[in-house]
Amino acid sequence: MNSKPDVDFSDAEWRRASDATDNSISHVEVAYKDGMYGMRDSRNPEGDVLVFTLGEWDAFVKGVHNGEFD
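Worth saying up front: this structure is predicted, and the values here are computed from it rather than measured. (Residues numbered from 1 in each chain as written. Predicted model: local features only at pLDDT ≥ 70, side-chain atom pairs only at ≥ 80, totals over all residues. Heavy atoms only, no water.)

Visitor: I keep staring at unusual backbone geometry and nothing clicks. Help me out?
Guide: Excluding glycine, residues mostly have negative phi values, and the peptide bonds linking residues are mostly trans. Phi is positive for D34, close to 50°, though the residue is something other than glycine. Among the structural elements, D34 can be located in the loop between strand 2 (28-33) and strand 3 (36-41). Judged by its relative accessible area of 62%, D34 is exposed. (Helix = DSSP H or I, 4+ residues; strand = E, 2+ residues; numbered from the N terminus. Buried < 20%, exposed > 50% of the residue type's maximum accessible area, 1.4 Å probe, protein only.)

In structure tokens form, the structure reads like this:
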């Protein structure tokens, strides 16, 4: 079983996609801290954070670019 280090994202600098200007639509925010990527729902910033290693993040981003989640 793989375990990831616990990363506290409570003081992380979160970034929203540059085209995420419509506040009526839910968007994700991403932060990088202590060698890990965190992703959360911008409409629920106190909610859960998905945590990715660098390799996992790279695979996720490639999948998005390749249309795997359309």
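Read on for the rest.
Visitor: Would you mind going over the pattern of salt bridges with me for this structure?
Guide: Close approach of charged atoms allows side chains of opposite charge to pair. As enumerated under the stated definition, the model contains four salt bridges in all. Taking the shortest distance from any N to any O, the salt bridge between D11 and K33 comes out at 2.4 Å. In this pair, D11 is assigned in the segment before strand 1 (15-16) and K33 in strand 2, connecting sequence segments 22 residues apart. Assessed through its relative accessible area of 59%, D11 is described here as exposed. Looking at K33, the relative accessible area reads 19%, which means it is buried. Put simply, R16 and E29 hold a salt bridge, and the shortest N to O gap is 3.8 Å. With R16 in strand 1 and E29 in strand 2, the pair connects residues that are 13 residues apart, well separated along the chain. Residue R16 is classed as partly exposed on the basis of its relative accessible area of 34%. Residue E29 is classed as buried on the basis of its relative accessible area, which comes to 10%. One connected set of salt bridges, linked through shared partners, spans R16, E29 and R40. (Salt bridge = Lys/Arg side-chain N within 4 Å of Asp/Glu carboxyl O.)

Remember, this is a structural readout, not a statement about activity or role.
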